[in-house]
Amino acid sequence: MDVFGEIRGQSAGNGEGRGFPALPILHPNEIPAPAVPLGQREKYGSLFYLGIGGLLVLIGLIGWFVHGLWANREIWSDVYTLSDPRRDDPDRVDAAFRLAGNPRFSDEARLGLALRKDLPSMARYLLAESITTDLVAHDPRAYAFTVARSEDWPDWLRLLLTRQLAYGAGRHYAIPRPALEELRHHPDPMIDLWATYAMTVLPRGGPDPALAAALEESTRRPPPVGELATMLDAAKRAKGDDRDQQLDKATHWLRRHHPVSAEVWHGWEIQGDRVVRRDEH
């Protein structure tokens, strides 16, 4: 049936010309109201519950964000203090010391700050020293080659990050030997020693007698290089927690005996939960 043809015929018969018939227009007061007013749930159906659920999720996310800001308020405060060039160096270094001891402050953030040349060297040192082997475990290859090949790093920074490769090697991380071999040829003999130690404890390929002999031979070198070699050789012979304790001892020893590190630490010392200048007391 041609509905549109019928409509056109009716329109022509009524003398209205071609087109559609006029539609009735109802005013709001002419529409009968329901006997019982509809509630929000009746009006919107399942969309009502969907909207309530979305609102609750949004409130939860906002609450979680506010909680995170509140829980990390000390971190934000210390980062601000450390990054403010108008603050005195003791305040900035003290802030770095607190960040270095804060377990909620990530290794990635510590490394990012340690690489910033606009921060006091002492603050950068504390942050670099506090980086854990978790950063190595995340991507051993990228970490190792970054430490070996990055340019314009001070020797103390490369030394501290090479030290984490030594810890990671003892934990059987997949650290590439070529990166350690590059570090073994670094002009700084202490970087060489830490890389040599790491290669002697790497599980892949078994122990290298030549490297073990080189480390032992270094113990007879004059101090301070011979002293560090003695500590690392003792760590190589130790097992489990005793090995880490030996490496921790060597780490603290570097502060005063590695020539470049000693320059960074000159005039500073740790007193309890603070780092202060020696001339302050």
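Residues numbered from 1 in each chain as written. Predicted model: local features only at pLDDT ≥ 70, side-chain atom pairs only at ≥ 80, totals over all residues. Heavy atoms only, no water.

Asks: Let's hear about the environment of F97: which residues, and what values?
Replies: Relative to the elements of secondary structure, F97 occurs in helix α5 (residues 89–100). When the C-alpha atoms of F97 and D78 are compared, they prove to be 9.3 Å apart, with 19 residues separating the residues in sequence. The contact partners of F97, leaving out residues within four places of it in the chain, are L126, I270, G272, D273, R274 and V275. (Helix = DSSP H or I, 4+ residues; strand = E, 2+ residues; numbered from the N terminus. Contact = heavy atoms within 4.5 Å.)

Asks: Give me a nonpolar patch on the surface: which residues, what numbers.
Replies: The grouping of I52, L55, L56, L58, I59 and I62 at the surface amounts to a nonpolar patch, some 570 Å² of accessible area in total. Residue placement: I59 occurs in helix α3 (residues 46–71). (Patch = residues over 30% accessible without salt bridge, like charges linked within 9 Å, V, L, I, M, F, W, Y side chains within 5 Å. Areas by Shrake-Rupley, 256 points an atom, 1.4 Å probe, with all protein chains shown as cover. Salt bridge = Lys/Arg side-chain N within 4 Å of Asp/Glu carboxyl O.)

Asks: Any chance you could break down the confidence of the model for the protein chain for me, citing the residues and the numbers?
Replies: When pLDDT is averaged along the protein chain, the result is 86; 79% of the residues meet or exceed 70. Across the protein chain, helix α7 (residues 121–130) holds the top mean pLDDT of 98, while helix α1 (residues 3–13) sits lowest at 49. (pLDDT = per-residue confidence, 0-100.)

Asks: Go over the pairing of strand β2 (residues 274–277), please, and point to the residues and values.
Replies: Of the pairings in the sheet, the one linking strand β1 (residues 268–271) to β2 comprises 4 bridges and is antiparallel in character. When the bridges of β2 are listed, W268 appears paired with R277. Linking β1 to β2, which pair antiparallel, is a turn of 2 residues; within it G272 sits at a positive phi near 65°. (Pairing = 2+ DSSP bridges.)

Asks: Can you break down unusual backbone geometry residue by residue, with the values?
Replies: A cis amide bond links P223 to the next residue, P224, at an omega of 5°. Following the sequence through the fold, P224 ends up in the loop between α13 (209–218) and α14 (225–237). If you check the backbone angles, D152 has positive phi at about 65° while not being a glycine. Following the sequence through the fold, D152 ends up in the loop between α9 (140–149) and α10 (155–170). Residue D152 is classed as exposed on the basis of its relative accessible area of 62%. Not every positive phi belongs to a glycine, and H172 is a case in point at roughly 70°. Inspection of the secondary structure assignment puts H172 in the loop between α10 and α11 (177–184). Residue classification places H172 among the exposed positions, given a relative accessible area of 56%. (Buried < 20%, exposed > 50% of the residue type's maximum accessible area, 1.4 Å probe, protein only.)

Asks: So, the side chain of N102: which residues are in play, and what are the values?
Replies: Mapped onto the secondary structure, N102 falls in the loop between α5 and α6 (107–114). Leaving out residues up to four positions away in the same chain, N102 has contacts with I75 and R110.

Asks: Please set out the layout of surface pockets residue by residue, giving values where relevant.
Replies: Volume-wise, the largest pocket comes out at about 360 Å³. What lines the largest pocket is a set of 17 residues, and nearest its centre among them are E129, S130, R163, T251 and H252. Within the residue set of the lining of the largest pocket, elements represented by two or more residues are α5, α7, α10 and α15 (240–257). Counting residues per element, the lining of the largest pocket draws most heavily on α15, which supplies 4 residues. Of the residues belonging to the lining of the largest pocket, the class tally is 6 nonpolar, 6 polar and 5 charged. (1 Å grid on protein atoms, 1.4 Å probe; cavity = no way out; pocket = protein on both sides within 12 Å on 5 of 7 lines; lining within 4 Å. Points joined across faces, edges and corners; volume = space filled by probe spheres on them. Nonpolar A, V, L, I, M, F, W, Y, C, P; charged D, E, K, R; others polar.)

Asks: Break down the environment of I191 for me, with residues and values.
Replies: For I191, the location among the structural elements is in helix α12 (residues 189–201). Through-space distance from the C-alpha of I191 to that of R163 is 8.1 Å; in sequence the pair is 28 residues apart. Ignoring sequence-local partners within four residues, the contact set of I191 consists of D155, R158, L159, T162, L183 and H186.

Asks: I'd like a description of the packing of aromatic side chains, backed by residues and values.
Replies: All chains considered together, the criterion is met by 2 aromatic pairs. Ring centres of Y125 and W265 lie 5.9 Å apart, and the angle between their planes is 90°; on these two criteria the pair is classed as edge-to-face. Taken together, the residues Y125 in helix α7 and W265 in helix α16 (residues 259–265) connect sequence positions 140 residues apart. The buried category is assigned to Y125, whose relative accessible area is 0%. (Phe/Tyr/Trp six-rings, centres within 6.5 Å; stacked < 30°, edge-to-face > 60°.)

Asks: Describe the packing of α12 against α15, listing the residues and the values that go with them.
Replies: Between α12 and α15, the least distance of the axes is 13 Å, while the angle of their chain directions is 170°. For the element pair α12 / α15, the angle class is roughly antiparallel. On α15, the residues that touch M190, W194, Y197 and V201 of α12 are R243, L247, A250, T251, W253, L254 and H257. Classifying every residue of the contact of α12 with α15 by side-chain character gives 8 nonpolar, 2 polar and 1 charged. (Axes fitted to C-alpha atoms, helices over the stretch in contact; angles between N-to-C directions. Parallel < 35°, antiparallel > 145°, perpendicular 65-115°, else oblique.)

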